[in-house]
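Reading the structure
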Amino acid sequence: MTSSRPEPVQVIKQRRDAALGGLLSGVPYIAYLGIQFDRRGDELTAILPFDEKLIGNPALPALHGGVTAAFLEVAAIIELAWGSLWEEMEAGRVDPTAEMPPVRLPKTIDFTVDYLRTGLPRDAYARARINRSGRRYASVHVEAWQDNRARLFAQGTGHFLMPPPPGAPTE
């Protein structure tokens, strides 16, 4: 009896990173803002590297509130999309090495941002937590910080309309 050897971990990591890269490349605004994602297993941390174009008030200087809101919303949407894509990959229904069709992203129903303190001119980080995700609707909470994870500068809560699963007819 012959048993197949498991794939090397590095090959699996590269395939998952490629799938995440494919997901991100479908949203030009992510590239414009410079948002990156650090993946550890199925957990994502959004990273907003500092750039002068992100400053809203040069007198302070402070990150623009719209940039902060967009950063939080992008973190929430990508967390939802990645969670769905991850499940599909783990179940073997999606082959991340094959040409993937464009991913249908969740649509924002509403998004509320709490600005807790000034966003300083430095890198920012965010993590999203899915509170509820069903076939049609999802609720997500996002927290953003800069130097200290316990000292948030913004947080947001959003509700999203989930896209139909891959292979389902479009409306």
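Residues numbered from 1 in each chain as written. Predicted model: local features only at pLDDT ≥ 70, side-chain atom pairs only at ≥ 80, totals over all residues. Heavy atoms only, no water.

As recorded in an unreviewed UniProt entry, the chain goes by PaaI family thioesterase and comes from Pseudotabrizicola alkalilacus.

1. Re the packing of aromatic side chains
Operational definition: Think of it this way: a Phe, Tyr or Trp ring, Trp meaning its six-membered ring, pairs with another when their centres are within 6.5 Å, and the plane angle makes it stacked under 30 degrees, edge-to-face over 60, tilted otherwise. Only DSSP runs of H or I covering at least 4 residues are called helices, and only runs of E covering at least 2 are called strands; the numbering of each starts at the N terminus. Remark: exposure states derive from per-residue accessible area (1.4 Å probe, protein chains only) relative to the maximum for the residue type, with buried under 20%, exposed over 50%, and partly exposed in between. Look at NZ for Lys and CZ for Arg. If either is within 6 Å of the ring centre and within 35 degrees of the ring normal, a charge sits over the ring.
This model, assessed by the stated rule, comprises three aromatic pairs. Measuring from centroid to centroid gives 6.3 Å for Tyr29 and Tyr32, while their planes differ by 15 degrees, and the two rings are stacked. Highlighted residues: Tyr29 and Tyr32, both in helix α2 (residues 28-33), separated by three residues, approximately one helical turn. Under the relative-accessibility criterion, Tyr29 is labelled partly exposed at 40%. Here Lys53 stacks its cationic end above the ring of Tyr32, 4.1 Å away from the centre of that ring. Sitting over the ring of Trp145, Arg149 keeps its end group 4.2 Å from the ring centre.

2. Some details on the pairing of strand β8 (residues 152-161)
We count it as follows: In short, DSSP must find at least two bridges between two strands for them to pair.
Burial analysis of β8 places seven of its 10 residues in the buried class, which makes it a mostly covered element. As judged from the nine bridges shared by strand β7 (residues 137-145) and β8, these two strands associate in the antiparallel manner. Paired with Tyr137 across the strands is Leu161, a residue of β8. Once β7 ends, the chain turns through six residues before running back antiparallel as β8.

3. Quick word on the pattern of salt bridges
As a reminder, the rule being used: Should a side-chain nitrogen of Lys or Arg be within 4 Å of a carboxyl oxygen of Asp or Glu, the pair is scored as a salt bridge.
For the structure shown, the criterion picks out five salt bridges. The salt bridge involving Arg127 is made with Glu43; its shortest N-O contact spans 3.8 Å. Separated by 84 residues along the polypeptide, Arg127 in strand β6 (residues 124-133) and Glu43 in strand β2 (residues 43-48) bring together distant segments of the chain. Residue Arg122 is joined to Asp147 by a salt bridge in which the shortest nitrogen-to-oxygen separation is 2.5 Å. One end of the pair, Arg122, is in the loop between β5 (107-115) and β6; the other, Asp147, is in the loop between β7 and β8, with 25 residues separating them in the sequence. The exposure class assigned to Asp147 is exposed, which follows from its relative accessible area of 61%.

4. Considering the nonpolar core
Heads up, the rule is: Residue types Ala, Val, Leu, Ile, Met, Phe, Trp, Tyr and Cys, when buried and joined through side-chain atoms within 4.5 Å, form a set referred to as a nonpolar core. By the convention used here, residues are in contact when the closest approach between their heavy atoms is within 4.5 Å.
Grouped together as the largest cluster of nonpolar side chains are 42 residues, with contacts concentrated most on Phe37, Ile78 and Trp82. Counting only elements with at least two residues in this core, the list comes to α1 (9-25), α2, β2, α3 (65-90), β6, β7 and β8. By residue number, the principal contributor to this core is α3, which donates 16 residues. In contact with Ile78, other than residues within four places in its own chain, are Leu20, Leu23, Leu24, Ile30, Phe37 and Leu44.

5. Describing α1
Basically, it comes down to this: What a helix is expected to span follows from its residue count: subtract one and scale by 1.5 Å.
A rise of 1.5 Å per residue sets the reference length of α1, with its 17 residues, at 24 Å; its end C-alpha atoms lie 24 Å apart and thus fit the reference within 8%. Residues of α1 that are buried sit in contact with α2, β1 (36-40), β2 and α3.

6. Remarks on unusual backbone geometry
Following Leu60, the chain continues into Pro61 via a peptide bond in cis, with omega recorded as -20 degrees. Here Pro61 is to be found in the loop between β3 (55-57) and β4 (62-63).

7. Side note on α3
Between its first and last C-alpha, α3 extends 37 Å over 26 residues, near the 38 Å set by a 1.5 Å rise per residue. Most of α3 is tucked away: 19 of the 26 residues are buried.

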